[in-house]
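Residue-level listing of the chains:
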Amino acid sequence: MDWQTSEDTVPSAFITEASRRALSGAPPVTGAWREGDPAGGRVFENLGPLELESGARLPHIRLAYESWGERSPSGDNVVLLLHALTGDSHVVGRPGNGHPTAGWWSGIVGPGLAIDTDRWFVLAPNMLGGCQGSTGPASFSPDGAEWGSRFPYLTIRDQVAAQRMLVDRLGIDRLAAVVGGSMGGMHAIEWAATHPERVERLAVLAAPAVSTADQIALNSVQLEAIRMDPAYHGGDYYDEDEGPYRGLALARRMALLNYRSPDELNERFERSWQGVLDPLGAGGRFAIESYLDFHGNKFTRRFDAGSYSVLVEAMNSHDITRGRGELAEVLAPVTRRSLVLGIDSDRLFPVEQQQAIARALPGTIHGDEAIVISSPFGHDAFLIEDDLVGPHLRALLES
């Protein structure tokens, strides 16, 4: 649950009037990638049907992915990199040509960087249910209309099953590493729990083993914000003149408050005004209000409300112990080298949740305590603090 793009994860800053004017006008009905849009760096893999945990069935799924580096002759250098809630496959690269944002981990992935693409082949899929090329609510169903409200409920395990189908289709038997942060960290630890024999290394960054009641509660109000928008039409809005951008923007503003730390927001904005009008009854606004509005509005131009709803519900499903036993029992078979990293200012997935994972994993490279980085940027620090995160990833991959 993070901003996931470089321009959104920079330290919080005041919004200029020029920036606000640049986003004037109503957003599109959906910010999803649509058929006919430029593919950019995406490759599309059609994977066939998928039976879901709920008993529902997707008759055909497609995952979009991007990759960097070269596979070794033995195929032993594949790093599966899994993005967070509102991310996509565009880990490295410029915006444009079908990619609405720049790569979200360009300071970590690349030649000579922590995930060195001169050595490793990095595979990054857009998760099932997403809106940047993979099958989701904005995709066309077999009847030629968007899935919309008919798109089935997904779990984290369903999404990992789709990723496994992609890996199998590409002829990859074992993964040198599975790396994920936030929701991607949920996928990573689910990979390890479900397929421990296929994962050589594991990195779980700023993610829990189980979505707690508190986290589900935070998600529930975001979902309600979207569903209360009159333009949502129960999820069937793709042929309408206006999409549910107001509800989606409000959900995003709510989420942002969990991704950044109170210290950062208080220090950067204090009680500053936006413009010259006094916010105390004279029609003005506080700078923090404009900041939230701007990023909510910006988000609606690159994401889809239907996908946001499906993916948030999938996050709510996350529990690697469900039907399997206690956490230590579930993770006991995961004996390969692993890294668990938390952030001291993370109020979305607090450090104690990473500590629980570290204590249960038998093969961590740092003992039974998680690595904890100190940052003022809250949950988003794993995307911002390259100099703090990178060395730990490098150590894992060199182990």
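Residues numbered from 1 in each chain as written. Predicted model: local features only at pLDDT ≥ 70, side-chain atom pairs only at ≥ 80, totals over all residues. Heavy atoms only, no water.

K.L.:
Summarise the confidence of the model for the protein; cite the residues concerned and give the values.
P.N.:
Reading predicted coordinates in detail is not appropriate for stretches of low pLDDT. Mean pLDDT over the protein stands at 90; residues scoring 70 or higher make up 88%. Predicted confidence is poor over residues 1-12, with pLDDT under 50, and the contacts of this stretch with residues over four places away or in other chains come to 65 contacts. (pLDDT = per-residue confidence, 0-100. Contact = heavy atoms within 4.5 Å.)

K.L.:
Give me the lowdown on the nonpolar core, citing residues and values where you can.
P.N.:
Core analysis: the biggest nonpolar cluster contains 75 residues, and Met 183, Trp 191, Tyr 308 and Leu 331 have the highest contact counts within it. In this structure, Tyr 308 is in contact with Leu 85, Thr 86, Gln 222, Ile 226, Leu 248, Ala 251, Ala 255, Tyr 259, Phe 299 and Phe 303, ignoring residues within four places of it in sequence. Within the second largest apolar cluster, 33 residues are counted, among which are Leu 341, Ala 381, Leu 383 and Ile 384. (Core = buried A, V, L, I, M, F, W, Y, C linked by side-chain atoms within 4.5 Å. Buried < 20%, exposed > 50% of the residue type's maximum accessible area, 1.4 Å probe, protein only.)

K.L.:
Describe helix α13 (residues 386-398), naming the residues involved and giving the relevant values.
P.N.:
Between the first and last C-alpha of α13 there are 17 Å, a value that for 13 residues agrees with the 18 Å anticipated at 1.5 Å per step. Residues Val 389, Gly 390, Leu 393, Leu 396 and Leu 397 constitute the buried set of α13. An end-on view of α13 places all buried positions within 125° of arc, on one side of the element. Exposed and facing more than 90 degrees away from the buried side of α13 are Asp 387 and Glu 398. (Helix = DSSP H or I, 4+ residues; strand = E, 2+ residues; numbered from the N terminus. Expected span 1.5 Å × (residues − 1). Arc of directions from axis to C-beta.)

K.L.:
Describe in detail the sheet that holds strand β6 (residues 121-125), supporting the description with residues and values.
P.N.:
Ordered in space as β1-β2-β6-β3-β7-β8-β11-β12, the 8 strands form an open sheet in which the pairing is mixed. What marks the edges here is a single partner per strand, and that holds for β1 (43-51) and β12 (371-373). In this sheet, neighbouring strand axes are inclined to one another by 25° on average, regardless of whether the strands run parallel or antiparallel. In this sheet, β6 lies alongside strand β3 (residues 78-82) in parallel orientation, the contact comprising 3 bridges. Pairing of Leu 80 across the sheet is with Leu 123, part of β6. (Pairing = 2+ DSSP bridges. Axes fitted to C-alpha atoms, helices over the stretch in contact; angles between N-to-C directions.)

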